[in-house]
Amino acid sequence: MKKILFTLIALLFITTTAQAQLFKSRDKKAAKTEYNIGSVPVENKHVVFREKIEAPGLSSAQIMERARAWYGKRFVKPTVISAKILKEEKNTFEAKSEEYIVFTKKLFVLNRARAYYYLTINSYDGGCEFIMSRISYWHDDENPNGGIRYTAEELITDENALDGNTALKKKEGKFRTKTIDLKEELVEGLKKEINK
């Protein structure tokens, strides 16, 4: 009797564990809404993220001053590898940046890629437009063979990163999610600085 009871408990445990693993793998494979179809916009065959940031009551000059202050705080080492201001005008600010996006960071395991992108901020009375464009990557940059270079268009578009409408491909999906996360982090940081 004890053997039968023990066997039943063991089978119940194995079945429950197997079901949990099955649901976990399904959840992992399915793209979250923020990474799903349509979350990477393409303009003229190039990936371009655009966001409007509202700042009621602020002039274009005030917004640009705060945007420059945010840039000065955010785009410094060790957060970024390099950053360079390309254009500074009254209502426009353009820079290029290089920083790491980290896929896995565990004891003795570090999987990351260098992300390169251009950042443009166009201010106007009451808000600004954030633009992240010309995105590219250098994966496995420490490899003696030089690693692999990709463009965002090769990896993170709906056509290249999604398997069907809901599942992310393994390699392309990790670049897609980390790029969207980076864009969201930048937008939120800028929004917070402008509306403080």
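The rules behind the values
Residues numbered from 1 in each chain as written. Predicted model: local features only at pLDDT ≥ 70, side-chain atom pairs only at ≥ 80, totals over all residues. Heavy atoms only, no water. Helix = DSSP H or I, 4+ residues; strand = E, 2+ residues; numbered from the N terminus. Buried < 20%, exposed > 50% of the residue type's maximum accessible area, 1.4 Å probe, protein only. Contact = heavy atoms within 4.5 Å. Pairing = 2+ DSSP bridges. Core = buried A, V, L, I, M, F, W, Y, C linked by side-chain atoms within 4.5 Å. Salt bridge = Lys/Arg side-chain N within 4 Å of Asp/Glu carboxyl O. Patch = residues over 30% accessible without salt bridge, like charges linked within 9 Å, V, L, I, M, F, W, Y side chains within 5 Å. Areas by Shrake-Rupley, 256 points an atom, 1.4 Å probe, with all protein chains shown as cover.

K.L.:
Could you give an account of the overall build of the chain, with specific residues and numbers?
P.N.:
Scanning the chain from terminus to terminus reveals 5 helices and 9 strands. Its helices and strands taken in sequence order, the chain reads α-β-β-α-β-β-β-β-β-α-α-β-β-α from the N to the C terminus. By the burial criterion, 38% of the 196 residues in the chain qualify as buried. Residue pairs at least 24 apart in sequence account for 57% of intrachain contacts in the chain once pairs closer than 6 positions are excluded.

K.L.:
Give a description of the pairing of strand 2 (residues 46-54) that names residues and reports values.
P.N.:
The sheet contact formed by strand 1 (residues 42-43) and strand 2 spans 2 bridges and is antiparallel. Bridging across to strand 2, Val42 finds its partner in Val47. A loop of 2 residues connects strand 1 with strand 2, the two strands running antiparallel in sequence, and Asn44 in this loop sits at a positive phi of about 50 degrees. As paired elements, strand 2 and strand 6 (residues 127-139) share 7 bridges and run antiparallel to each other. Bridge assignment links Glu54 to a residue of strand 6, and that residue is Gly127.

K.L.:
Before we move on, can you summarise the nonpolar core with the specific residues and values?
P.N.:
Most often, soluble globular proteins keep nonpolar side chains buried together rather than apart. Residues Tyr137, Phe175 and Leu190 are the most contacted members of the largest nonpolar core, which totals 41 residues. Those elements that place two or more of their residues in this core are strand 2, helix 2 (60-74), strand 4 (92-106), strand 5 (109-124), strand 6, helix 3 (152-155) and helix 5 (170-194). Top contributing element to this core by residue count: helix 5, with 7 residues.

K.L.:
Account for the pattern of salt bridges, with residues named and values stated.
P.N.:
Applying the stated criterion to the full structure yields 13 salt bridges. The residue Arg68 makes a salt bridge to Glu88 at a minimum N-O spacing of 2.7 Å. Of this pair, Arg68 sits in helix 2 while Glu88 sits in strand 3 (residues 82-88), and the two are 20 residues apart along the sequence. Judged by its relative accessible area of 46%, Glu88 is partly exposed. Connected via shared salt-bridge partners are Glu43, Arg50 and Glu129.

K.L.:
Give me the lowdown on a nonpolar patch on the surface, citing residues and values where you can.
P.N.:
On the surface, Leu107, Phe108 and Val109 cluster together into a nonpolar patch covering about 400 Å² of accessible area. Tracing the backbone through its elements, the reader meets Val109 in strand 5. Assessed through its relative accessible area of 40%, Val109 is described here as partly exposed.

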